[in-house]
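Residue-level listing of the chains:
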Amino acid sequence: MTEKTTNINTALLKAQKDMGPVRKDGKGNYGKYATLDGVIETIADTLNNNGILYMQPLVVINGEQHIKTMLVHADSGDQIESFYRVVCKDMEDPQKIGGAITYGRRYSLLSLLGLAPEDDDGTLASSPQRPVAATPSVKPTADTSTGEVADPDGITSYYNNYEKKMYHQEPCSVAGCGKTVRAKAVSFSNYRFKRTLCMTHQDAADSGQLDDEVPLQQTATDTYGADKEPLPW
Ligand SMILES: [Zn+2]
């Protein structure tokens, strides 16, 4: 692997420093929220000015529609991506699907860029981190001005769960390694090697050079690719 002087991380760091606040410019049943247009307005130029382009194609995974959100660094070709399963109560209703897709696109961008929308006065919403699963007592309806659904059932909890998976880290199981492994790699590693290995030790295991007394746990349960809950990547 060659060292790059500029990569998507350095470009993103700069972009995030340059990025203005995301305003809650829409209003729904649960209060104000940031619309997709507003999010794009906040991020697009700053990302592009830092050599990063974003794309959000719809892809089908295990027969289900997902929004793939990609940040691509033009110079290095580096990219970061996330997958978001489109959840909608009525998958036959194009308008509802459209609202769910808009919601997913907005949420994916905010999440991938680590942005939290602010109220108009510039203060963060009462939940200072990421949106928390609401306990809806009212059926969410689309914002009449934008057609966006503020919080369709199930999406927030699904996404919080997804974020937990995405950002969760576990230590490499090789004694003394000390590296942590991101959730996506943990899933893969547990599937392939029956234990959590960092990238270095995955390579070592692949080439039969994993010199470590911890035996492979052949009884570990595979979760990667299992047909339980579809992994969002
Ligand atoms: Zn390791």
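Further up the page is the structure itself.
In what follows, the accompanying structure is described. Here the structure is a predicted model, which is why all the values come from computation and not from measurement. (Residues numbered from 1 in each chain as written. Predicted model: local features only at pLDDT ≥ 70, side-chain atom pairs only at ≥ 80, totals over all residues.)

### With respect to the overall build of the protein chain
Our working definition: For helices the rule is a DSSP run of H or I covering at least 4 residues; for strands it is a run of E covering at least 2, with both sets numbered from the N terminus onward. For the exposure call, what matters is how many other C-beta atoms sit within 10 Å of a residue's own: 20 or more marks it buried, 12 or fewer exposed, and in between partly exposed, using C-beta atoms placed from the backbone. Contacts are defined on C-beta atoms placed from the backbone: any two residues whose C-beta positions lie within 7 Å are in contact.
In terms of helices and strands, the protein chain carries six helices and eight strands. Across the protein chain, helices and strands are ordered from the amino to the carboxyl terminus as α-β-β-α-β-β-β-β-α-α-β-β-α-α. The buried share of the protein chain, taken over its 233 residues, is 27%. Looking at the protein chain alone, contacts between residues at least 24 apart form 53% of all its contacts between residues at least 6 apart.

### Digging into the nonpolar core
The nonpolar side chains of soluble globular proteins are, as a tendency, buried together. What counts is decided by this rule: Nonpolar cores are identified as sets of buried Ala, Val, Leu, Ile, Met, Phe, Trp, Tyr and Cys residues joined via C-beta atoms within 7 Å.
Core analysis: the biggest nonpolar cluster contains 22 residues, and Val39, Ile52 and Leu110 have the highest contact counts within it. Residue assignment for this core shows that the elements contributing at least two residues are α1 (8-18), α2 (36-49), β5 (64-73) and α3 (94-112). Considering every element that reaches this core, the biggest residue donor is α3, with five residues. Apart from the residues within four sequence positions on either side, Val39 is in contact with Val22, Ala34, Arg106, Leu109 and Leu110.

### Remarks on the environment of Asn48
Relative to the helices and strands, Asn48 is located in helix α2. Each C-alpha atom, one on Asn48 and one on Ala15, is 8.7 Å from the other, the two residues being 33 residues apart in sequence.

### Some words on the environment of Ser108
In this structure, Ser108 sits in helix α3. Taking the C-alpha atoms as reference points, Ser108 and Lys68, separated by 40 residues in sequence, lie 8.5 Å from one another. Beyond its immediate sequence surroundings of up to four residues, Ser108 is in contact with Gln56, Ile67, Thr69, Ser82 and Tyr84.

### Brief notes about unusual backbone geometry
The backbone of Asn62 sits at a positive phi, close to 50°, despite the residue not being glycine. When you line up the elements, Asn62 lands in the loop between β4 (58-61) and β5. A positive phi angle is found at Lys194, which is not glycine, with a value near 60°. Of note, Lys194 is situated in the loop between α5 (183-193) and α6 (199-206).

### Focus: α3
Helical geometry note: an α-helix holds 3.6 residues per turn, so side chains three or four residues apart project in the same direction. Note the threshold: Expected span of a helix: the number of residues minus one, times 1.5 Å.
The end-to-end C-alpha separation of α3 is 26 Å, in line with the 27 Å expected for 19 residues at 1.5 Å each. Buried residues of α3: Gly99, Ala100, Thr102, Tyr103, Gly104, Arg106, Tyr107, Ser108, Leu109, Leu110 and Ser111, and no others. Downstream of α3 by one or two residues, Gly114 has phi in the positive range, about 65°.

### Section: the packing of α2 against α3
Spelled out, the test is: Helix axes are fitted to C-alpha atoms over the stretch in contact, other axes to C-alpha atoms as well, and angles between N-to-C directions run from 0 to 180 degrees. Roughly parallel refers to an angle under 35 degrees, roughly antiparallel to one over 145, roughly perpendicular to one between 65 and 115, and oblique to any angle outside these ranges. When the near helix sits turned anticlockwise from the far one by under a right angle, the crossing is termed left-handed; a clockwise turn instead gives a right-handed crossing. Residue polarity is assigned by list, with Asp, Glu, Lys and Arg as charged and Ala, Val, Leu, Ile, Met, Phe, Trp, Tyr, Cys and Pro as nonpolar; anything else, Gly included, falls into the polar class.
Their axes nearest at 9 Å, the elements α2 and α3 cross at an angle of 30°. Here α2 lies roughly parallel to α3, going by the angle between them. Of the two elements, α2 crosses α3, and the hand of that crossing is left-handed. Side by side, α2 and α3 meet where Leu36, Val39 and Ile43 of the first sit next to Thr102, Arg105, Arg106, Leu109 and Leu110 of the second. Split into classes, the residues belonging to the contact of α2 with α3 amount to five nonpolar, one polar and two charged.

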